[in-house]
Amino acid sequence: MNKTNPGPRYLDLLRIKMPVGAVTSIAHRLSGVLLFFGIPVLIWLLDLSLRGPEGFARIQAMFDGSLVRLGSVLVIWALVHHLLAGIRFLLLDLHLGIGLQAARASALAVTVSAIVITLVYGVSLL
Amino acid sequence: MSAGSRGLGAWLVQRFSAVYLAFFVVYFAVSIAICKPGDFETWHHWIMTPAMNIAMSLFFIALAAHAWVGVRDVVIDYVHSTALRVGLLAIIGAALLACLLWAGRVLWVS
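Residues numbered from 1 in each chain as written. Chains lettered and ligands numbered in written order. Predicted model: local features only at pLDDT ≥ 70, side-chain atom pairs only at ≥ 80, totals over all residues. Heavy atoms only, no water.

This paragraph deals with the overall build of chain A. The helix and strand tally for chain A stands at 4 helices and 0 strands. Shown N-terminal to C-terminal, the secondary structure of chain A runs as helices and strands in the order α-α-α-α. Relative to the compact-globule value of 14 Å for 126 residues, chain A shows a C-alpha radius of gyration of 20 Å, a clear excess of over 25%. Principal-axis analysis of the C-alpha atoms gives chain A an extent of 65 × 40 × 30 Å. (Helix = DSSP H or I, 4+ residues; strand = E, 2+ residues; numbered from the N terminus. Rg over C-alpha atoms; globule rule 2.2 N^0.38 Å.)

Another aspect to go through is unusual backbone geometry. Phi at His95(A) is positive, roughly 65 degrees, even though this residue is not glycine. Mapped onto the elements of the fold, His95(A) is located in the loop between helix H3 (66–93) and helix H4 (100–125). Taking the relative accessible area as the measure of exposure, His95(A) reaches 58% and is therefore exposed. The backbone phi angle of Lys36(B) is positive, close to 45 degrees, even though this residue is not glycine. Relative to the elements of secondary structure, Lys36(B) occurs in the loop between helix H2 (8–35) and helix H3 (40–48). (Buried < 20%, exposed > 50% of the residue type's maximum accessible area, 1.4 Å probe, protein only.)

This brings us to H4(A). Over its 26 residues, H4(A) runs 38 Å from end to end, which matches the ideal 38 Å to within 8%, given 1.5 Å per residue. The complete set of buried residues in H4(A) reads Ala103(A), Ala107(A), Val110(A), Thr111(A), Ala114(A), Thr118(A), Gly122(A) and Leu125(A). (Expected span 1.5 Å × (residues − 1).)

Glancing now at the pattern of salt bridges. Residue and element names in this part refer to chain A. A complete count under the given rule lists 5 salt bridges over all chains for this structure. We note a salt bridge from Asp12 to Arg15, for which the minimum N-O separation is 3.7 Å. Judged by its relative accessible area of 29%, Asp12 is partly exposed. Between Asp64 and Arg69 there is a salt bridge, with its nearest N and O atoms 3.7 Å apart. (Salt bridge = Lys/Arg side-chain N within 4 Å of Asp/Glu carboxyl O.)

What follows concerns the interface of chain A and chain B. Listed per partner, the contact involves 23 residues of chain A and 33 residues of chain B. Both faces considered, chain A and chain B share a buried interface measuring about 2200 Å² in area, 80% of it formed by carbon and sulfur atoms. Considering only the side of chain A, the residues that lose the most area to chain B are Arg29(A), Ile43(A) and Leu50(A), jointly responsible for 28% of the buried surface there. At the junction of chain A with chain B, the criterion picks out 2 salt bridges. (Contact = heavy atoms within 4.5 Å. Buried area = accessible area lost by both parts, 1.4 Å probe.)

A separate point is the confidence of the model for chain B. Put simply, chain B has an average pLDDT of 95, and 100% of its residues get 70 or more. Both scores are given for the predicted complex: the pTM is 0.92, the ipTM 0.94. (pLDDT = per-residue confidence, 0-100.)

The subject of this paragraph is the packing of H2(B) against helix H4 (residues 50–78) of chain B. Residue and element names in this part refer to chain B. Two numbers describe how H2 lies on H4: the axes approach to 8 Å, and their chain directions differ by 135 degrees. Between H2 and H4, the crossing angle belongs to the class labelled oblique. Crossing angle aside, the handedness with which H2 passes H4 is left-handed. (Axes fitted to C-alpha atoms, helices over the stretch in contact; angles between N-to-C directions. Parallel < 35°, antiparallel > 145°, perpendicular 65-115°, else oblique. Left-handed = near helix turned anticlockwise from the far one by under 90°.)

It is worth spelling out the packing of aromatic side chains at this point. Residue and element names in this part refer to chain B. On inspection of all chains with the given rule, the structure shows 8 aromatic pairs over all chains. With 4.8 Å between their ring centres and 25 degrees between their planes, Phe24 and Phe59 make a pair best called stacked. Taken as a pair, Phe24 in helix H2 and Phe59 in helix H4 lie far apart in primary sequence, 35 residues in all. Feature note: the residues Tyr20, Phe24, Phe28, Trp43, Trp46, Phe59 and Phe60 constitute an aromatic cluster, connected by ring pairs. (Phe/Tyr/Trp six-rings, centres within 6.5 Å; stacked < 30°, edge-to-face > 60°.)

A separate point is a nonpolar patch on the surface. Residues and elements named next belong to chain B. A contiguous nonpolar surface patch, about 500 Å² in accessible area, is contributed by Ile54, Leu58, Ile61, Trp108 and Val109. Sorting elements by how many residues they give to the nonpolar patch places H4 first, with 3 residues. If you trace the backbone, Leu58 turns up in helix H4. Owing to a relative accessible area of 42%, Leu58 belongs among the partly exposed residues under this scheme. (Patch = residues over 30% accessible without salt bridge, like charges linked within 9 Å, V, L, I, M, F, W, Y side chains within 5 Å. Areas by Shrake-Rupley, 256 points an atom, 1.4 Å probe, with all protein chains shown as cover.)

If you want it as structure tokens, here you go:
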């Protein structure tokens, strides 16, 4: 394969077979990008909360709003999935759970746990 | 092959920062869940104790490093135009540095 003859390319994402590990992995990347955009928001909230009682109260008021609460559910999913999938990757680095069956089981466990924890958090807001 | 193009340095930074971030986030979440700082005084006092102030500063340093390696990987994977890729990485790098300095101000400058 070279520039004049690049070889076969099959990039139809809707038809490529996606094993569970692929879902966990792409969600790990997606959640990471989401969290990246959340960094300035995090610092802004910290800043506001530490300026004085008015800032602190303003944040409490913000989190009473439904839009902010919905946003927080998305952020919590991103954080939890990224953390759990990240721990799975670290363990895989140490060759723990590296067999195919174990890897598929841990991928499923991570993906499902993140959703469940997010749902529990979401329900706690109601 | 140069040390940078082997990717080992970035890989180590990403892994070690990840471990610290994981511990800090879990510690922080559990602390909030148990103590529930409901007013400014309690919250401010907790964050500004020397240990927490330093641990949180380390958190933001680790976060900037970790985010840089991660987002750089994403840009390298998907942005194939050299000019666009380099420009984007420069902007993202500057933004992360700015955020780090901002966090530093929040935690250290009254």
